[in-house]
Amino acid sequence: MASPTAASSSFNRLILRCLARRASGRPYVASTRFAIPQRSSASIRLFSTGTTVDSNIVYPASVVVVGQSSIQQQAEFPSQSMILKQRDDDLSPEELDLKLALQHHQGLLQDDTSTPETSQDMQDSLLHLRTCLESLEYWDDQLMVEQQLEWYAQSSLDLAACIFRQGKLHMLLEDAVAANAKYQKALELYRMEHSGQEFHADIGNVLVAMAGVEFHRQHVDGCLQLLNQSEDHFRYHHTTTAITTTTQEPHPDLVKCLDNQGMMYRLKQDYQDALEKYQEALQIVVAGAKDPENKRQALQLHIADVLSSMDEIDGALEYYQTIRDEDQDPALEGVVLHAMGVLHAQQRQLELAEQELTRAVELKQSTAGETHPEVAKSLLALGSVLGVSEDDQNKRRALECFQQALMIERGHTEDENDPEILLILRNIAVLKGEKVAKW
């Protein structure tokens, strides 16, 4: 059985990783008579990490306390019957791991003895289940496991971390109200546990997550306010005063905070502040010994985008070229070449722009597939460049690009008033010499 959340193509992973947090504030650039789309803009991805019994713990309803022992009264996981009924040969490796974990967990539940040893076995089983479910992105099931794990919290910090993880799962399930309630509880526990320190990264991470809720509600100012509060917790973590020494290094999660602040400033079209946040984040990453999440590349892309929005085209092109020189990933090169082609079109270097956009289309088609929306964006940009040529052959090529882009976009939406479709139709009308309203 194929997993409903099987890994996407390398191009899709790249788009999610590198482009998910970009929005220039100016979706189209009129470098010619045709409107050329900027590189894609989407939503911010606010992520956070965090770490977690005192006498006032309220235990989950799924646990019945009997003296010194506990009996798990666990409902069946939504995926349980589906996975257990499948033949092993029909399952992916990740699903097979989950099936084995579920079978082991069922065996523990059927054991009517309750000892410290079996309790540890149950906790280990739940932790393994959590890992399996996370790899498959079965968020509903993972939330149930996380609620069960509250029973095994050994301290207020453990409990806070467990509740915090539940909040993040609620956000993945798009239940912002439940997520915020969990974040508030986790924040109270962390503040109580770290009461001797004014700043702590645990508190900062919860504030970042709460900022994600505000962004989900489209409250950009509220989101930025929470991010600004979290910044000091990362910058001065483990201290009691907002004064840092020359030897004190900021917490690693300051990078993600600065990154998200940069995105909020971009949405507010405050590009100078956005640039400063991204540049500081990049400086921290470059100074570090490791960059496992490849934040350097993402930050370079953000900086290039901001410079483009500020009409500092030469600076933006320099960053894009640096990214090309440092990374040979064809999916990434397609994205970067598109951006460079748009900027060279703005500079009226149309021959160079045509070359870059043509190559961007080819790379996107080979890595993402011929009907991916990103292919349509590059076809639209290429058609816009070809359309200003006096050469009839180039105009025919431009029309082909527009028609191809239109077919792709219509394959992804039935709404004829979709902005991308309207833009393509307008460009086709301009190419045919028809009168159109001013854009």
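Note that the structure is a prediction, hence the values are computed from the model and not measured. (Residues numbered from 1 in each chain as written. Predicted model: local features only at pLDDT ≥ 70, side-chain atom pairs only at ≥ 80, totals over all residues. Heavy atoms only, no water.)

Caption draft 1: Region of interest: the packing of aromatic side chains. Here the structure, examined in full by the defined rule, presents two aromatic pairs. Geometrically, the ring pair formed by Phe-164 and Tyr-183 is edge-to-face, given 5.6 Å between the ring centres and 65° between the ring planes. Here Phe-164 is found in helix H6 (residues 156-172), whereas its partner Tyr-183 is found in helix H7 (residues 176-193), with 19 residues between them in sequence. Relative to Tyr-236, the ring of Phe-199 has its centre 5.6 Å away and its plane inclined at 55°; by these criteria the two rings are tilted. Here Phe-199 is found in the loop between H7 and helix H8 (201-216), whereas its partner Tyr-236 is found in the loop between helix H9 (220-235) and helix H10 (254-267), with 37 residues between them in sequence. On the accessibility criterion, Phe-199 (6% relative accessible area) is buried. The ring of Phe-164 carries Lys-168 above its face, with NZ or CZ at 4.8 Å from the centroid. (Phe/Tyr/Trp six-rings, centres within 6.5 Å; stacked < 30°, edge-to-face > 60°. Helix = DSSP H or I, 4+ residues; strand = E, 2+ residues; numbered from the N terminus. Buried < 20%, exposed > 50% of the residue type's maximum accessible area, 1.4 Å probe, protein only. Lys NZ or Arg CZ within 6 Å of the ring centre and 35° of its normal.)

Caption draft 2: Main features of the packing of H10 against helix H12 (residues 295-309). Where H10 meets H12, the axes come as close as 12 Å, and the angle between the chain directions of the two elements is 20°. Looking at the two axes, H10 sits roughly parallel to H12. When the axes of H10 and H12 are compared, the crossing they make is left-handed. For the pair formed by H10 and H12, the contact residues are Val-255, Asp-259 and Arg-266 on the first element and Lys-295, Leu-299, His-302, Asp-305 and Val-306 on the second. For the contact of H10 with H12, the class distribution of residues is three nonpolar, one polar and four charged. (Axes fitted to C-alpha atoms, helices over the stretch in contact; angles between N-to-C directions. Parallel < 35°, antiparallel > 145°, perpendicular 65-115°, else oblique. Left-handed = near helix turned anticlockwise from the far one by under 90°. Contact = heavy atoms within 4.5 Å. Nonpolar A, V, L, I, M, F, W, Y, C, P; charged D, E, K, R; others polar.)

Caption draft 3: Expanded view of the pattern of salt bridges. One pass over the structure, following the stated rule, counts 17 salt bridges. For the salt bridge of Lys-277 with Glu-231, the shortest nitrogen-to-oxygen distance reads 3.3 Å. One end of the pair, Lys-277, is in helix H11 (residues 271-287); the other, Glu-231, is in helix H9, and 46 residues separate them in sequence. Take Lys-277 and Glu-231: they sit in the same class, and that class is buried. When salt bridges with common partners are traced through the structure, they connect Glu-231, Arg-235, Lys-277 and Glu-280 into a single cluster. (Salt bridge = Lys/Arg side-chain N within 4 Å of Asp/Glu carboxyl O.)

Caption draft 4: Representation of the UniProt feature "repeat: TPR" (unreviewed entry) in the protein chain within the structure. This chain's UniProt record puts "repeat: TPR" (unreviewed entry) on residues 255-288. Helix makes up 88% of residues 255-288 and strand 0%, with an end-to-end C-alpha separation of 11 Å. (UniProt positions renumbered as here; feature names shortened; annotations may be inferred.)

Caption draft 5: Highlighting unusual backbone geometry. Positive phi values are uncommon outside glycine, yet Glu-174 reaches one of about 60°. Note on placement: Glu-174 falls in the loop between H6 and H7. Take Glu-174: its relative accessible area is 62%, and that puts it in the exposed class. Phi is positive for Asp-311, close to 65°, though the residue is something other than glycine.

Caption draft 6: Geometry of the packing of H7 against H8. For the pair H7 and H8, interaxial distance at closest approach is 10 Å and the crossing angle is 160°. As summarised for this structure, H7 and H8 are arranged roughly antiparallel, according to the angle between their axes. Like other packed secondary-structure pairs, H7 and H8 cross with a definite hand, here left-handed. The residues of H8 that touch H7, namely those facing Ala-176, Asn-180, Tyr-183, Gln-184, Leu-187, Tyr-190 and Arg-191, are Asp-202, Ile-203, Val-206, Leu-207, Ala-209, Met-210, Val-213 and His-216. A breakdown of the residues in the contact of H7 with H8 according to their chemical character gives ten nonpolar, three polar and two charged.

Caption draft 7: Inspection of the nonpolar core at higher detail. Counting residues in each nonpolar core, the largest one holds 58 residues, and the members touching the most others are Tyr-183 and Tyr-320. When residues in this core are grouped by element, the largest group, ten residues, is from H8. Counting residues in hydrophobic clusters, the runner-up holds 26 residues, among them Val-375, Ala-376, Ile-421 and Leu-431. (Core = buried A, V, L, I, M, F, W, Y, C linked by side-chain atoms within 4.5 Å.)

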